[in-house]
Amino acid sequence: MEEPICILVVDDEKGIREGCRRILVAEGHKVDVAENGKVGLEMVKNQHYDLLVVDLMMPVMGGIDMMGHVKEIDPDIIMIVITGFATIETAVDAIKHGAYDYVPKPFTPDNLIAVINRGIETRRLRLQTRRLMEERDQKLLEIANEKSKMHAIINSMADGILVINRENQLVLWNPAAIRMLNLHEQPESGRDLPEVIKNDGLLRVIKKACSPEAINYTSITEEIELPPPESKTLMVNVSVIRDDESGQDLGLVATLRDITSLKELDKLKSQFVAMVTHELRAPVSAIEGYLTAFLTGAAGNDPQMYKQMMERARQRARALLELINDLLQFSKLESKSAVRKKELLDISGIIINTVELLKGQGESKDLKFEIDVPESLPLIEADKTEMEQLFTNLVSNAIKYNVKNGKVMVSAKPNKHFLDIKVADTGIGIEADCLPCIFDEFYRVSCPETRYTTGTGLGLSIVKKIVESHFGRIDVESTPGKGTTFTVRLPIKQRK
Amino acid sequence: MSKKTKILLVDNDVDFIDLNKTVLENSGFEVAVAYAGREVMDKVKFEKPDLIVLDLMMEKHDTGFGVARALKADPVYKDIPILMLTAVGSETGMDFSQELDGYWMKTDDYANKPLSPEELIKRINELLERNKKA
């Protein structure tokens, strides 16, 4: 049921007040009365009324005065004036002061009801208008908010976005798209697409998405290459927007993603796989070759020659095992970065033990070992197994690439915030142009002296990875024919 | 007695060279060797081989392609047939195909490693035959 209309009747004549009340209550309205403007105004302040019926001439506060105040409180209230001086002047004056209509005294109930009903209708319309206006304002505000939200989202996306209408005009884009396509100026909305975008690949994908054959797809994804100077690879996804009912194309949305670095990673991975394949095949084919030659007699009939061949085959088999171990170690280092088991370590023991263990390998060359490592060193935070691996690789290189009667010198000492560990040899040394490559995977310096030395080409890559995962650095100095010195610097965690 | 056919073996794998040098010598060839791409030009000038067996991927910055290109660009040496060997096939995603290389001649050949000594000798002889006719 509808809310009853609330009416306030203000008149100093009790007869009129009560008469009006009776008539209006009988019409189903809720009616309050007041005997003068001041009392009436207080009531308007405290309670909501739809209509005000007010006498113009009253003691304390007259109708004109009261109407002025009431309008400030509720501008939509319908005010009807009752006047004894039913002249045009007073009526006009009252309407000037905001009255909706007037009822001249004396009046019949029907006169009053007719005016009141018109007033109620007007009140209803006024309220509705106000509500609609408020709703509209709210909607406009929401739209503005949504728009700025959308704008912010689209503009902050790392992926580029292009929106194209059915006339093939560019209507929306974001800064990422401008950046990726390297459009030097901001395009104007509504420009023809080929005028703005010069990349043939992108235009081709968009054209393909619009073609009749594309109707079966929801979107098309392709890679496009940007020519130099950009030299980027973009993944383009074009979705056609269709009207659900008519099935008509409304336009399309193209998203662009820069996958240049992913492609590079992919290429690195392929190269790595190719190198591993090569490195694994080389020893196996050497062993296979020796065995075949042995079994077929292809190498002649000198038993000494065959003995040498078998010895080489054995060395290559051992090197292959080493390579497999190094590869496992290598992949472990690659995947372990997050779960390394670091503890506070005094690595003096590790260094000394490593050298002791490896000394045997230097016997055939009569190497001398000089160890200058104090019994206790400041503590570093490190993975023990990896530290053993690190010094094993460095010291065994120092032995492997040494000369007869050479020396291997290992020293460790604190240097400010770091621990400096030096592994030096008096071996064959490394040519300056080879030095930048020695930490690369599978790189091996090729020179006549090392032709028969087996190695995996991974030892120093592993060393570098370990040092870097411990926030240290490794430096190398070398003089061909004199020797090589590796210096590992690891951060000190705690002094004793 | 006719002069022996001279083969230049180029590979960074010392065992490949040692083994095949022995095998080829036992089969009546004369053999010269080079262990790195950068040694090849000097060896070719000095040894004047009748055929070169060239490993494709010797070192990162020193591939057989570079050597082959240099040889094929040289008017004096461009006719020496090359048997290119590789241990890395297309299955790794790296393309090493002679079709990609404009310098490749139809007088040359291409083989995958590992390659048995008999197969190597067979390929060398085939290539020498083809070049005799050409």
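Conventions and cut-offs
- Residues numbered from 1 in each chain as written.
- Chains lettered and ligands numbered in written order.
- Predicted model: local features only at pLDDT ≥ 70, side-chain atom pairs only at ≥ 80, totals over all residues.
- Heavy atoms only, no water.
- Helix = DSSP H or I, 4+ residues; strand = E, 2+ residues; numbered from the N terminus.
- Buried < 20%, exposed > 50% of the residue type's maximum accessible area, 1.4 Å probe, protein only.
- Contact = heavy atoms within 4.5 Å.
- Areas by Shrake-Rupley, 256 points an atom, 1.4 Å probe, with all protein chains shown as cover.
- Phe/Tyr/Trp six-rings, centres within 6.5 Å; stacked < 30°, edge-to-face > 60°.
- Lys NZ or Arg CZ within 6 Å of the ring centre and 35° of its normal.
- Buried area = accessible area lost by both parts, 1.4 Å probe.
- Salt bridge = Lys/Arg side-chain N within 4 Å of Asp/Glu carboxyl O.
- Polar contact = N/O pair within 3.5 Å; in protein donor to acceptor, adjacent residues only side chain to side chain.
- Nonpolar A, V, L, I, M, F, W, Y, C, P; charged D, E, K, R; others polar.
- 1 Å grid on protein atoms, 1.4 Å probe; cavity = no way out; pocket = protein on both sides within 12 Å on 5 of 7 lines; lining within 4 Å.
- Points joined across faces, edges and corners; volume = space filled by probe spheres on them.
- Pairing = 2+ DSSP bridges.
- Right-handed = clockwise from strand over helix to strand, strands pointing away.

1. Some points on the overall build of chain B
- Scanning chain B for helices and strands turns up 4 helices and 5 strands.
- Going residue by residue from the N terminus, the α and β elements of chain B occur as β-α-β-α-β-α-β-β-α.
- Scored against the burial criterion, the 134 residues of chain B give a buried share of 55%.
- Within chain B, residue pairs in contact and separated by at least 24 positions form 68% of the contacts whose partners lie at least 6 positions apart.
- Within the structure as shown, chain B displays about 6400 Å² of accessible surface, and the carbon and sulfur contribution to it stands at 52%.

2. Digging into the packing of aromatic side chains
All names here are of chain A.
- In total, this model carries 4 aromatic pairs over all chains according to the counting rule given.
- Ring geometry for phenylalanine 272 versus phenylalanine 330: centroids 5.6 Å apart, planes at 15 degrees, classification stacked. Of this pair, phenylalanine 272 sits in helix α9 (residues 260–296) while phenylalanine 330 is found in helix α10 (residues 303–336), placing the two residues 58 residues apart along the sequence.
- Aromatic rings pair up to connect Phe272, Phe330 and Phe442 into one cluster.
- The residue whose ring lies beneath arginine 489 is phenylalanine 418, and the NZ or CZ to ring-centre distance is 5.3 Å.

3. Focus: unusual backbone geometry
Residues and elements named next belong to chain A.
- The peptide bond linking lysine 105 to proline 106 adopts the cis configuration, its omega dihedral lying at -10 degrees.
- Within the secondary structure, proline 106 sits in the loop between β5 (101–104) and α5 (109–156).
- Positioned with a positive phi, asparagine 405 is a non-glycine residue whose angle comes to about 60 degrees.
- By secondary structure assignment, the location of asparagine 405 is in the loop between α12 (384–400) and β15 (407–415).

4. Describing the interface of chain A and chain B
- Listed by partner, the interface residues are 30 residues for chain A and 27 residues for chain B.
- Of the roughly 2400 Å² buried at the junction of chain A and chain B (both faces included), carbon and sulfur atoms supply 59%.
- Of all residues in chain A, A:His278, A:Arg281 and A:Arg451 give up the largest surface area on contact with chain B, accounting jointly for 25% of the area buried on that side.
- Summed over the shared surface of chain A and chain B, the result is 3 salt bridges.
- Notably, a salt bridge pairs A:Arg316 with B:Asp13, separated by 2.6 Å at the nearest N-O pair.
- Where chain A packs against chain B, one counts 5 residue pairs in polar contact (both at pLDDT 80 or more).
- Taken together, the elements giving at least two residues each to the side of chain A that touches chain B come down to α9 and α10 of chain A.
- Ranked by residue count, the leading element in the side of chain A that touches chain B is α9(A), at 17 residues.
- Here the side of chain A that touches chain B is composed, by residue class, of 13 nonpolar, 10 polar and 7 charged.

5. Topic: empty space enclosed by the protein
- All told, the structure shown has 2 cavities of 30 Å³ or more when counted by the stated rule.
- For the largest cavity, the calculated volume is near 120 Å³.
- Lining the largest cavity are 13 residues, and of these A:Ser285, A:Ala286, B:Phe16, B:Asn20 and B:Leu115 sit closest to its centre.
- Those elements giving two or more residues to the lining of the largest cavity turn out to be α9 of chain A together with α1 (14–26) of chain B.
- The class makeup of the residues in the lining of the largest cavity is 7 nonpolar, 3 polar and 3 charged.

6. Some remarks on the pairing of strand β1 (residues 6–10) of chain A
Residue and element names in this part refer to chain A.
- Burial analysis of β1 places 5 of its 5 residues in the buried class, which makes it a mostly covered element.
- Burial along β1 is two-sided: the face carrying Cys6, Leu8 and Val10 and the face carrying Ile7 and Val9 are both buried.
- Taken together, the 5 bridges between β1 and strand β2 (residues 30–34) define a ladder with parallel strand orientation. Looking at the pairing, leucine 8 lines up with aspartate 32 of β2.
- Handedness of the β1-helix α1 (residues 14–26)-β2 crossover: right-handed.

Keep in mind these numbers describe shape, not what the thing actually does.
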